[in-house]
Amino acid sequence: MTRTATFVRDQMLAPMEPPLTEKGAVKWVRENLFSGWFNSILTILGLFAIYWLVASAWPWLRNSVWTADNLAECRAVIQATWGEGATGACWAVIRERWTQFIYGFYPNHLYWRPNLAMVLMFVALAPVLFTQIPRKALWFAAVYPGLGYWLLWGGTLWFPVVALAGFAVGYAAYRALAPVNVIVAAVGAVLAPVLWWLFLAGPITGILADIVPLSLETVRSDRFGGFVLSVIIGITAISLSLPLGIALALGRQSDMFLVKSLSVVFIEFIRGVPLITLLFTASLLLNYFLPPGSNFDIILRVVIMVTLFASAYIAEVIRGGLAALPKGQYEAADALGLNYWQAQRLIILPQALKISIPGIVSSFIGLFKDTTLVVFVGLLDPLKGITDAVRASTDWKGIYWEPYIFVGTLFFIFCFGMSRYSMYLERKLKTDHR
């Protein structure tokens, strides 16, 4: 049966403004803070907590003193300005000792070297982190470790050059042995640089240094400290632990019994031991396994142990990414006739690494914060080592919160930057497969 409409509008209504509760900040507040009774209670409790924190800290922050030569002068200024019994922050300690928090006890007249090394580090990282940078810039990233070492520690330029040449020797050995057998070539690529570093690097460095003496003033490792030390250990360990973690993850999934067993033992052992134990091993026990009279740099020992520790966790994160891939991806690689390494490089690892990005970055952030543990092996980290050194002076004895707040803020900036880059990378690679 046909129905007839009693009214049909023949003119469009004029556009109208949405209701006040459906636009702007009011809509955001209603939907995000007061969307229900439970959300409203949480919002009120949260606002009360924020108010309590701000109200408690505001007088201390308002009475801040930025210029003073010692803590006693700071307190005198606060008492004179705000009255008897007033308290306030004494940021003058940061203004006077900020160089120690950044450089440790690095010689003052050589501050240009860590500054230049940090600037060049960002230049070297740029093509690695951002694909928009021309790929030719990766060559600078490849040589930067040697250049950064020379700038920071000084000595002859030929030492890092000859050390980096060891990788070229390994690559040459691989290319020479590849036609024979891939496994033999891989073993040769590992053994050749080790033999180069053990037996040839020293004499060749000495000869080159005599012919062309290019050197900088040497700085001992015990002069390093502060954020320079944390950045050196953190960035180096992050750079080295990722490829090592990938190798361990592939090794743990390998069908070769020996490779799989060694990978499992390494990962489980490292994960079962606290990092502080490995640092004590690097500081105290490692010298017992070295030839008598050898001087193995303490920072290098710490970097090795931190790298091994982080690589075990990275390996498990990447193994999770490998396990998340559908079996069809492996079968597709086989159907295309790819060998193992081609399948891993072209199909499996790109997808597994995309899935693993949040876990990898979380491990890196934890690793960077764990660099403060080096204080237990005598190195001056910025959180406790430098802070205790500053508080040990008669001028600043009794200062407490200000150094920790300053160091914590800088750590937050570093870690928040890594977190934001992770989010950028996730958006770029669309890891959620939407």
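These numbers come from a predicted model, not from an experiment.

A.B. asks: Describe in detail the overall build of the protein chain, supporting the description with residues and values.
C.D. replies: Looking only at helices and strands, the protein chain features 16 helices and 2 strands. Computed over its C-alpha atoms, the radius of gyration of the protein chain comes to 29 Å, more than 25% above the 22 Å expected for a compact globule of 434 residues. Taken over the C-alpha atoms alone, the protein chain extends approximately 95 × 85 × 40 Å along its principal axes. By the burial criterion, 34% of the 434 residues in the protein chain qualify as buried. In the protein chain, the share of contacts with a sequence separation of at least 24, taken over all contacts with a separation of at least 6, comes to 72%. Accessible area of the protein chain: about 26,400 Å², with a carbon and sulfur share of 69%. On the protein chain, the mean spot of the 32 positive side-chain charges and the mean spot of the 24 negative ones are 7 Å from each other.

A.B. asks: Break down the pattern of salt bridges for me, with residues and values.
C.D. replies: Side-chain pairs of opposite charge can arise where the charged atoms are in close proximity. Per the counting criterion, the structure on display carries 9 salt bridges. Notably, a salt bridge pairs R220 with D222, separated by 3.2 Å at the nearest N-O pair. Between R319 and E316 there is a salt bridge, with its nearest N and O atoms 2.9 Å apart. With R319 and E316 both in helix 12 (residues 298-324) and 3 residues apart, this pair spans about one turn of that helix. A relative accessible area of 29% means that R319 is categorised as partly exposed. On the accessibility criterion, E316 (14% relative accessible area) is buried. The network of salt bridges with shared partners includes R252, E268, R271, E316 and R319.

A.B. asks: Tell me what's going on with the side chain of E402, and back it up with residues and numbers.
C.D. replies: Within the element layout of this structure, E402 appears in helix 16 (residues 401-429). Buried E402, no salt bridge; nearest opposite-charge side chain is R75, N-O distance 8.1 Å. Aside from chain neighbours lying at most four places away, what touches E402 is W60, G88, A89, C90, W91, V93 and I94.

A.B. asks: Got a sec to walk through the confidence of the model for the protein chain? Specific residues and values, please.
C.D. replies: Of the residues in the protein chain, 97% have a pLDDT of 70 or more, and the chain-wide mean is 88. Per-element confidence in the protein chain is highest for helix 2 (residues 37-62), whose mean pLDDT is 94, and lowest for helix 11 (residues 275-285), whose mean pLDDT is 84.

A.B. asks: Lay out the packing of aromatic side chains in plain terms, naming residues and giving numbers.
C.D. replies: One pass over the structure, following the stated rule, counts 24 aromatic pairs. Seen in terms of ring centroids, F130 and Y421 are 5.7 Å apart; in terms of plane orientation they differ by 85°. Their pairing is edge-to-face. Residue F130 is found in the loop between helix 5 (112-129) and helix 6 (138-153), and its partner Y421 is found in helix 16; the two are separated by 291 residues along the sequence. Measuring from centroid to centroid gives 5.2 Å for F368 and F414, while their planes differ by 50°, and the two rings are tilted. Taken as a pair, F368 in helix 14 (residues 340-370) and F414 in helix 16 lie far apart in primary sequence, 46 residues in all. Through pairs of rings, three or more aromatic residues link up here, namely Y106, Y149, W153, F159 and F224.

A.B. asks: So what's going on with the packing of helix 4 (residues 92-103) against helix 9 (residues 226-252)? Which residues, and what values?
C.D. replies: Where helix 4 meets helix 9, the closest approach of the two axes is 2 Å, and the angle between their N-to-C directions is 20°. Taken together, helix 4 and helix 9 sit at an angle that is classed as roughly parallel. The residues of helix 9 that touch helix 4, namely those facing Q100, F101, I102 and Y103, are G226, F227 and V228.

A.B. asks: Can you explain the packing of helix 9 against helix 10 (residues 257-271)? Please cite residues and give values.
C.D. replies: Their axes nearest at 7 Å, the elements helix 9 and helix 10 cross at an angle of 125°. Classified by the interaxial angle, the pair formed by helix 9 and helix 10 is oblique. The two elements helix 9 and helix 10 cross, and the hand of that crossing is left-handed. Contacts between helix 9 and helix 10 pair L248, G251 and R252 from the former with V259, K260, S263, V264, F266, I267 and E268 from the latter. When its residues are assigned to classes, the contact of helix 9 with helix 10 shows 5 nonpolar, 2 polar and 3 charged.

A.B. asks: Can you tell me about the state of the cysteines, naming the residues and giving the values?
C.D. replies: By the definition in use, this model includes 1 disulfide. A sulfur-sulfur separation of 1.8 Å characterises the disulfide bridge that pairs C74 with C90. Taking the torsion about the sulfur-sulfur bond, which here is approximately 80°, the covalent link between C74 and C90 counts as right-handed. Note that C74 is positioned in helix 3 (residues 71-82) and C90 in the loop between helix 3 and helix 4, a separation of 16 residues in sequence. Taking the relative accessible area as the measure of exposure, C90 reaches 2% and is therefore buried.

A.B. asks: Could you give an account of the side chain of S241, naming the residues involved and the relevant values?
C.D. replies: Tracing the chain through its elements places S241 in helix 9. For S241, a relative accessible area of 0% puts it in the buried group. If we skip the residues at most four places from it in the chain, S241 touches T307, A310, S311, I314 and F364.

A.B. asks: Requested: an account of the nonpolar core, with residues and values cited.
C.D. replies: Counting 89 residues, the largest nonpolar core has F224, I299 and V302 as the members making the most contacts within it. Considering every element that reaches this core, the biggest residue donor is helix 12, with 13 residues. Among residues more than four places away in sequence, those in contact with V302 are I233, L279, A282, V374, V377 and L379.

A.B. asks: So what about the environment of E217? Which residues, and what values?
C.D. replies: By secondary structure assignment, the location of E217 is in the loop between strand 2 (215-216) and helix 9. Since its relative accessible area comes to 43%, E217 is described here as partly exposed. Considering only alpha carbons, one finds E217 and F406, 189 residues apart in sequence, at a separation of 31 Å. In this structure E217 touches H109, L110, R113, W153, G154 and G155, once residues within four positions along its chain are discounted. Among the polar contacts listed, one links the side chain of E217 to the side chain of H109, at a separation of 3.2 Å.

A.B. asks: So what about helix 7 (residues 158-177)? Which residues, and what values?
C.D. replies: For helix 7, built from 20 residues, the straight-helix expectation of 28 Å at 1.5 Å per residue is met to within 8% by its first-to-last C-alpha distance of 28 Å. The set of residues buried in helix 7 consists of W158, P160, V162, G166, G170 and A173. Contacts from the buried residues of helix 7 go to helix 6, strand 1 (155-156) and helix 8 (182-211).

Conventions and cut-offs
Residues numbered from 1 in each chain as written. Predicted model: local features only at pLDDT ≥ 70, side-chain atom pairs only at ≥ 80, totals over all residues. Heavy atoms only, no water. Helix = DSSP H or I, 4+ residues; strand = E, 2+ residues; numbered from the N terminus. Rg over C-alpha atoms; globule rule 2.2 N^0.38 Å. Buried < 20%, exposed > 50% of the residue type's maximum accessible area, 1.4 Å probe, protein only. Contact = heavy atoms within 4.5 Å. Areas by Shrake-Rupley, 256 points an atom, 1.4 Å probe, with all protein chains shown as cover. Lys, Arg positive; Asp, Glu negative; His and termini not counted. Charge placed at Lys NZ, Arg CZ, Asp CG, Glu CD. Salt bridge = Lys/Arg side-chain N within 4 Å of Asp/Glu carboxyl O. pLDDT = per-residue confidence, 0-100. Phe/Tyr/Trp six-rings, centres within 6.5 Å; stacked < 30°, edge-to-face > 60°. Axes fitted to C-alpha atoms, helices over the stretch in contact; angles between N-to-C directions. Parallel < 35°, antiparallel > 145°, perpendicular 65-115°, else oblique. Left-handed = near helix turned anticlockwise from the far one by under 90°. Nonpolar A, V, L, I, M, F, W, Y, C, P; charged D, E, K, R; others polar. Disulfide = S-S within 2.5 Å. Core = buried A, V, L, I, M, F, W, Y, C linked by side-chain atoms within 4.5 Å. Polar contact = N/O pair within 3.5 Å; in protein donor to acceptor, adjacent residues only side chain to side chain. Expected span 1.5 Å × (residues − 1).

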